[in-house]
Amino acid sequence: MRTLNLGILAHVDAGKTTLTERLLFTAGVIDEVGSVDDGSTQTDSLELERQRGITIKSAVVSFVVGDVSVNLIDTPGHPDFIAEVERVLHVLDGVVLVVSAVEGVQAQTLVLMRALRRLGIPTLLFVNKADRLGARDAAVLAGIAERLTPAIIPMGSMSGLGTRAAGFTPFGAADRAFAARLAELLADHDDDLLAAWVDDEAALPYRRLRRALVAQARRGLVHPVFLGSAITGAGVEPLLAGITELLPAAQGDPGGPVSGSVFKVERGPAGEKVAYLRMFSGTVRVRDRLPLPRGAEGRVTAISVFDRGAAVRRGAVTAGQIAKVWGLGAVQIGDVVGEPPATAAAPSFARPSLETVVVPRRPADKAALQVALTQLAEQDPLIALRQDDTRGELSVSLYGEVQKEVIQATLAGDYGLAVAFRETTTLCVERPVGTGAAAELIGTDPNPFLATVGLRVEPAPAGAGVRFRLEVELGSMPYAFFRAVEDTVRETLRQGLHGWEVIDCTVTMTHSGYWPRQSHAHATFDKSMSSTARDFRQLTPLVLMDALAQAGTRVEEPVHRFHLEIPADTVGPLSPVLARVGAIPRSTVLRGPACLLEGEVPAGRVNDLERQLPALTRGEGVLESAFDHYRPVRGPVPARPRTDHDPRDRKQYLLRVLRRVPGRQDVDEGFTPGG
Ligand SMILES: Nc1nc2c(ncn2[C@@H]2O[C@H](COP(=O)(O)OP(=O)(O)OP(=O)(O)O)[C@@H](O)[C@H]2O)c(=O)[nH]1
Ligand SMILES: [Mg+2]
């Protein structure tokens, strides 16, 4: 039996969870279709999801159609939870991207499709809600072709649009127009087909076209579109058939080396960690010891493989499958188990652009809050828990206000902690503007550490992230020392010259050196003469911040692209508000009584605009926005307080790190940094 790991993606409220329910029903896994509005679906199982009627966490269910075992991952559509989508993208073999027939393509649909195309993930589209009043087919298909991708092919036609009787009829061999559209689309990537088509269009057999469609859809080159309704079930059977026919099965050799990826971590009833592992190659068995990143290891105590609707206890999980795995205490989301999978997990979406301080309502809860937030950060690393030891504050990164409410409700519901938030602030970033280099040599004043580290910092292209390179021989030092330098570089760059995270830069190690352990011939191990990884960890921040200060950085703020639809007569009163929140309209189009405005707005002001919109537009204004880029901050450069001593204040920094070294707790303010 083949396995297909399928993601359901869409903008918020498009009907992903309802469609998931309908697919499970159609495949015979459940006898009754649950409802989001009653809180009775399979995948919105969290208390909070049921209360709010939105998906917050990705959830896995499975079913079998024909000879394919499908693991379906239902994802949240709200932009505040995009991190959940990010984490599942690289474990998917294929995707159904849902678009509402009423609302059409939305900003979030664009964001998702862009990522899917960049990663080359085979994607079918499903135009949902065909039963709802106001459902359109031609206009929505035109919107998809224009805004998402021209490489689409509608797989059937609708009747009774906008009514409960809406029905979908798949095209077949007898539809000449369908065959002609297929030939035209598929010939783009298939020269033989093009030649045959040019030769004699009418003689091209439908079977040949269908074969080419399957091949190209499975490679993500073309995107078949189905239409229907998750509520009434119209079009869902053809979609299900399309999922097995047009999407590729998981590849991978069960006998190969172990390679897997952890895309979700949750806590079981007893607080134990449960890792969701997608296997790309090899087999993992109960009682296996698994190497994890960060030098950690875990011993598998139980495995549940997703199969025919549920996760069932098994002795092993093998290439292509998804399982819940117990026993990996040190596991974190995004961890690679064994060999790294072929598909690199570079981030696909923007990082959070907001930040807020979390304050316990009862001061005595501070320690408990820290434990709770640490656990939440395990499940969602992008909330990037930040502990400011100097001020005794805890802050988290956020995508938006809904995520903030969810964190608050989770802390109250799961941990019994009442919290308040300080004002939400914008998370800026720092980008190096030039090149800087610095080095400290071993045994040379004023370097008090037994290590030589030289680093050069250079700007990298937007979106490149932080890259670490070596200009010294890898064999020149024990690998653990290089590892210590690289890890510390990444850690140090979380707080740049102005306290913001440094992005998009290349750090090159230009000098390295160490003193080896004293050999047995001379004496026993003497710490004062032998380098350790700690020397490298402590020296690296000094060198890196020196180099960074030379390079210089620019503080940039996140900017959203917005799409605003308002009654034309409200443009006047709205304009000054747009100006006040720093929005810059780039285009204005009148469409009947409506006005469409597009432009840029600072991420930190989107919420402001959202709040004022209803009153200014009689409740008719619709705002969509999504992260677009970072732009240099205008006016005074905002600084973010550091959570530790700045390595540029060399003396304070050395005092702090040296006091942690056994035997040196006595160093006082009077010492000289060279000593
Ligand atoms: N009329 C109609 N309503 C639908 C259809 N599909 C979903 N809905 C309704 O649309 C609303 C949102 O549906 P969900 O299935 O929760 O949408 P979702 O995409 O999972 O939403 P998030 O996970 O929060 O992003 C619910 O009220 C559903 O009942 C459909 O085909 N027709
Ligand atoms: Mg949902």
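We now turn to the structure provided with this report.

Cut-offs and rules
Every chain is numbered on its own, with residues counted from 1 as its sequence reads. Here the convention is simple: chains get letters from A, ligands get numbers from 1, in the order in which they are written. Reporting of local features is limited, given that this is a predicted model, to residues whose pLDDT is at least 70; pairs of side-chain atoms are given and counted only at 80 or more, and all residues count toward the totals for whole chains, interfaces and linings. Excluded from the side-chain calculations are hydrogens and water; all other atoms, namely the structure's heavy atoms, are used. Helix and strand labels come from DSSP, where a helix needs a run of H or I of at least four residues and a strand needs a run of E of at least two; each type is numbered from the N terminus. Contacts are assigned to residue pairs that have any heavy atoms within 4.5 Å of one another. Residues belong to a common nonpolar core when they are buried Ala, Val, Leu, Ile, Met, Phe, Trp, Tyr or Cys residues joined through side-chain atoms within 4.5 Å. Only protein chains enter the calculation, and the probe is 1.4 Å; a residue is then buried if its accessible area is under 20% of its type maximum, exposed if over 50%, and partly exposed in between. Each metal's donors are the N, O and S atoms within 2.8 Å of it, or within 3.2 Å when it is Na, K or Ca, and because water is not part of the set, sites may look incomplete. Whether a residue is near a molecule or strand depends on its heavy atoms: if one lies within 4 Å, it is near. Think of a polar contact as two N or O atoms within 3.5 Å of one another; within protein, one of them needs to be a possible hydrogen donor and the other a possible acceptor, and neighboring residues in sequence only count if both atoms come from side chains. Only the protein chains shown count as cover for residues, and all accessible areas are computed by the Shrake-Rupley method using a 1.4 Å probe. What counts as a salt bridge is simple: a side-chain nitrogen of Lys or Arg found within 4 Å of a carboxyl oxygen of Asp or Glu. By definition, two strands form a pair when at least two bridges between them are found by DSSP. The angle between two axes is taken between their N-to-C directions and runs from 0 to 180 degrees, where each axis is a line fitted to C-alpha atoms and a helix contributes only its stretch in contact. A residue counts toward a patch only above 30% relative accessible area and without a salt bridge, and it is joined to like-charged neighbours within 9 Å or, for Val, Leu, Ile, Met, Phe, Trp and Tyr, to nonpolar neighbours within 5 Å. Here Asp and Glu are counted as negative and Lys and Arg as positive; His is not counted, and neither are the chain ends. Where a charge lies is defined by one atom per residue type, namely NZ (Lys), CZ (Arg), CG (Asp) and CD (Glu). Working rule for helices: expected span equals 1.5 Å times residues minus one. Each Phe, Tyr or Trp ring, with Trp reduced to its six-membered ring, pairs with another whose centre is within 6.5 Å; inter-plane angles below 30 degrees give stacked pairs, above 60 give edge-to-face pairs, and intermediate values give tilted ones. Look at NZ for Lys and CZ for Arg. If either is within 6 Å of the ring centre and within 35 degrees of the ring normal, a charge sits over the ring. Roughly parallel means an angle under 35 degrees; roughly antiparallel means over 145; roughly perpendicular covers 65 to 115; every other angle is labelled oblique. For a crossing to be left-handed, the near helix must be turned anticlockwise from the far one by less than a right angle; the clockwise case is right-handed. For this classification, the nonpolar set comprises Ala, Val, Leu, Ile, Met, Phe, Trp, Tyr, Cys and Pro, the charged set comprises Asp, Glu, Lys and Arg, and every other residue, Gly included, is treated as polar.

## Considerations on the environment of Val-489
Position of Val-489 among the secondary structure elements: in helix H12 (residues 479-492). For the pair Val-489 and Arg-537, spaced 48 residues apart in sequence, the C-alpha to C-alpha distance is 8.8 Å. If we ignore the near neighbours within four places in the chain, the residues touching Val-489 are Leu-455, Phe-468, Val-507, Thr-540 and Leu-544.

## A closer look at the nonpolar core
Counting residues in each nonpolar core, the largest one holds 91 residues, and the members touching the most others are Leu-23 and Ile-243. In terms of residues, this core owes the most to one element, helix H4 (residues 107-119), which gives 7 residues. Those residues in contact with Leu-23 that sit more than four places away from it in its chain are Ile-8, Phe-63, Leu-72, Val-236, Leu-239, Leu-240 and Ile-243.

## Let's talk about the coordination of the magnesium ion (ligand 2)
Surrounding the magnesium ion (ligand 2) are the protein donor atoms Thr-17 (OG1) and Thr-55 (OG1), which sit 2.0 Å from the metal. One end of the pair, Thr-17, is in helix H1 (residues 16-26); the other, Thr-55, is in the loop between helix H2 (47-52) and strand S2 (59-65), with 38 residues separating them in the sequence. The exposure classification of Thr-17 matches that of Thr-55, with both residues buried.

## A few points about the site of ligand 1
Ligand 1 sits among 19 residues. The nearest are Lys-16, Thr-18, Asp-37, Thr-55 and Asp-131. Here an oxygen atom of ligand 1 sits 2.8 Å away from a polar atom, N or O, in the side chain of Asp-37. Gly-77 is positioned with one of its backbone polar atoms (N or O) 3.0 Å from an oxygen atom of ligand 1. The fraction of the free accessible surface of ligand 1 (640 Å²) that becomes covered by protein chains is 90%. In terms of residue count, the dominant contributor to the shell around ligand 1 is H1 (3 residues).

## Quick look at the pattern of salt bridges
Should the charged atoms of two oppositely charged side chains come close, the side chains can pair. By the definition in use, this model includes 40 salt bridges. Between Arg-422 and Glu-393 there is a salt bridge; the shortest N-O distance is 3.0 Å. A residue pair is termed long-range when its members are at least 10 positions apart, and Arg-422 in the loop between strand S23 (419-421) and strand S24 (425-426) and Glu-393 in strand S22 (residues 393-398) qualify at 29 residues. Under the relative-accessibility criterion, Arg-422 is labelled partly exposed at 41%. It is possible to trace a salt-bridge network through shared partners that takes in Lys-57, Glu-84, Arg-87 and Asp-380.

## Looking at the sheet that holds strand S26 (residues 436-440)
Within a sheet, each strand pairs with its neighbour through backbone hydrogen bonds, oriented either parallel or antiparallel. Read from one edge of the open sheet, 4 strands run S26-S27-S30-S28, paired in mixed fashion. With one partner strand each, in any of the chains shown, S26 and strand S28 (466-470) form the two edges of the open sheet. Each strand axis lies, on average, 20° off the axis of its neighbour in the sheet, ignoring direction. Sheet topology note: the strand S27 (residues 452-459)/strand S30 (residues 505-513) ladder contains 8 bridges and is antiparallel. Across the sheet, residue Gly-454 finds its bridge partner in S30, namely His-511. Its contacts with the sheet place H12 against S27, S28 and S30, and it is angled at close to 155° to S28.

## Re the pairing of S27
Bridge count between S26 and S27: 5 bridges; the pairing is antiparallel. Along S27, the bridge assignment pairs Ala-437 with Arg-456.

## Quick look at a negative patch on the surface
Residues Glu-184, Asp-188, Asp-199, Asp-200 and Glu-201 make up a contiguous surface patch of negative charge. With respect to the helices and strands, Asp-199 occurs in helix H7 (residues 191-199). Judged by relative accessible area, which is 67%, Asp-199 ranks as exposed.

## Some thoughts on the sheet that holds strand S16 (residues 310-314)
Here we have 6 strands laid out as an open sheet, ordered S16-S15-S18-S11-S10-S19, and antiparallel in their pairing. Two strands in the sheet have a free side with no partner beyond their single neighbour: S16 and strand S19 (336-338). Within the sheet, the average angular offset between the axes of one strand and its neighbour, ignoring direction, is 35°. Of the pairings in the sheet, the one linking strand S11 (residues 273-281) to strand S18 (residues 322-326) comprises 5 bridges and is antiparallel in character. Residue Tyr-276 lies in a different strand from S18, and its bridge partner there is Lys-324. The sheet strands contacting helix H10 (residues 366-379) are strand S10 (259-267) and S11, and the helix crosses S10 at an angle near 145°.

## Remarks on H10
Turn by turn, an α-helix covers 3.6 residues, leaving residues three or four places apart pointing in a common direction. The terminal C-alpha atoms of H10, which comprises 14 residues, lie 20 Å apart, in line with the 20 Å expected from a rise of 1.5 Å per residue. Looking only at H10, the buried set comprises Leu-369, Ala-372, Leu-373, Leu-376, Ala-377, Glu-378 and Gln-379.

## Things to note about the packing of aromatic side chains
Per the stated rule, a full pass over the model turns up 8 aromatic pairs. Look at Phe-168 and Phe-226: their rings are 6.3 Å apart centre to centre, the planes differ by 50°, and that puts the pair in the tilted class. With a gap of 58 residues between them, Phe-168 in strand S8 (residues 167-170) and Phe-226 in strand S9 (residues 223-227) connect regions that are remote in the sequence. Each member of the pair, Phe-168 together with Phe-226, is buried. Arranged with centres 6.3 Å apart and planes meeting at 50°, the rings of Phe-178 and Tyr-206 form a pair that is tilted. In this pair, Phe-178 is assigned in helix H6 (residues 176-186) and Tyr-206 in helix H8 (residues 206-218), connecting sequence segments 28 residues apart. When the ring centre of Tyr-276 is taken as reference, the NZ or CZ atom of Lys-264 above it lies at 5.2 Å.

## Some thoughts on the packing of H10 against helix H11 (residues 401-415)
Close contact between H10 and H11 brings their axes to 11 Å; oriented N to C, the two are set at 115°. In terms of their interaxial angle, H10 and H11 are classed as roughly perpendicular. Here H10 runs over H11; the crossing is right-handed. Along its contact with H10, which presents Leu-369, Ala-372, Leu-373, Gln-375 and Leu-376, the element H11 presents Ile-407, Thr-410, Leu-411 and Tyr-415. Within the contact of H10 with H11, the residues separate by chemical class into 7 nonpolar, 2 polar and no charged.

## What to know about the environment of Thr-18
Here Thr-18 shows up in helix H1. Between the alpha carbons of Thr-18 and Val-371 there is a distance of 35 Å; along the sequence they are 353 residues apart. Ignoring anything within four residues of it in the chain, the contact list for Thr-18 reads Val-36, Ala-230 and Ile-231.

## Describing unusual backbone geometry
Put simply, Asp-445 and Pro-446 share a cis peptide bond, and its omega is 0°. Mapped onto the elements, Pro-446 comes out in the loop between S26 and S27. Phi at Asp-13 is positive, roughly 70°, even though this residue is not glycine. As for its position among the elements, Asp-13 is in the loop between strand S1 (2-10) and H1. The exposure class assigned to Asp-13 is exposed, which follows from its relative accessible area of 53%. Despite not being glycine, Arg-618 shows a phi value in the positive range, around 55°. Counting through the fold element by element, Arg-618 comes out in the loop between helix H15 (606-616) and strand S34 (622-632).

Everything listed is a geometric property; what it means functionally is a separate question.
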